[in-house]
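Observations on chain architecture
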Amino acid sequence: MKQRDIQVLQEMGITYWQVRKPELFPNQVLPVINLPAECKLLFITAEELNEHDAWLFGRILSSMKLTPQQALSLPLSALDQIAEHHLMWCWFAGCQGVHPTGCQVLNSASLKLMHNDPSSKKALWQQICSYDS
């Protein structure tokens with residue numbers, strides 16, 4: 001299943017099931033996620049974003065000179081299914097994982113926590129700026 005299809009299902013409130021122990025099903029082929037060429041930032045989080053979180057996410061994207069169309073959100077469990085990509089950034093919010101090769105990595109608190117914590121916003125901004133030097 002393509003990532004866009006997964007996102008459409010999530011937006012409709014339909015659960016997308018993933019096998020946690022694929023070794024139990026040796027004949028099953030894991031789906032590969034093909035990111036669109038315009039995707040420059042991959043946002044990894046375990047939480048669903050509400051409207052307030054989406055607003056903050058959009059503000060952070062614009063400060064990075066990115067548009068919402070250039071960003072995709074995935075759960076941590078889907079990282080190992082990513083095929084070729086053109087990512088510049090991989091942002092882990094409230095979780096840790098192994099990032100796709102060839103991209104700059106950001107780590108932050110979840111967006112829900114960032115709303116009321118200026119120090120976490122500052123720490124994220126410092127990470128972003130460190131790549132500009």
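Report follows, based on the coordinates. (Residues numbered from 1 in each chain as written. Predicted model: local features only at pLDDT ≥ 70, side-chain atom pairs only at ≥ 80, totals over all residues. Heavy atoms only, no water.)

**Re the pairing of strand S3 (residues 89–93)**
Most of S3 is tucked away, with five of its five residues classed as buried. Residues Trp89, Trp91 and Ala93 of S3 are buried on one face, and the alternating residues Cys90 and Phe92, pointing to the opposite face, are buried as well. As paired elements, strand S1 (residues 41–45) and S3 share five bridges and run parallel to each other. From the neighbouring strand, Leu42 faces S3, where its bridge partner is Cys90. For S3 and strand S4 (residues 104–108), the ladder comprises five bridges, and the chain directions are parallel. When the sheet's bridge partners are listed, Phe92 is paired in S4 with Asn107. (Buried < 20%, exposed > 50% of the residue type's maximum accessible area, 1.4 Å probe, protein only. Helix = DSSP H or I, 4+ residues; strand = E, 2+ residues; numbered from the N terminus. Pairing = 2+ DSSP bridges.)

**Things to note about the sheet that holds S1**
With parallel pairing, the four strands of this open sheet are ordered in space as S2-S1-S3-S4. A single partner strand is all that each edge strand has here, and the edge strands are strand S2 (71–74) and S4. Sheet twist, expressed as the mean angle between neighbouring strand axes with direction ignored, is 20°. Here helix H2 (residues 51–63) sits on the sheet and contacts S1, S2 and S3; the angle it forms with S1, its principal contact strand, is near 145°. (Axes fitted to C-alpha atoms, helices over the stretch in contact; angles between N-to-C directions. Contact = heavy atoms within 4.5 Å.)

**Side note on the packing of aromatic side chains**
In total, this model carries four aromatic pairs according to the counting rule given. With centroids separated by 4.7 Å and ring planes inclined at 75°, the aromatic side chains of Phe43 and Trp91 adopt a geometry described as edge-to-face. Of this pair, Phe43 sits in strand S1 while Trp91 sits in strand S3, placing them 48 residues apart in sequence. Trp91 carries the same exposure label as Phe43, and that label is buried. A connected cluster of aromatic rings, assembled from ring pairs, spans Phe43, Phe57 and Trp91. (Phe/Tyr/Trp six-rings, centres within 6.5 Å; stacked < 30°, edge-to-face > 60°.)

What is shown is where atoms sit, not what they do.
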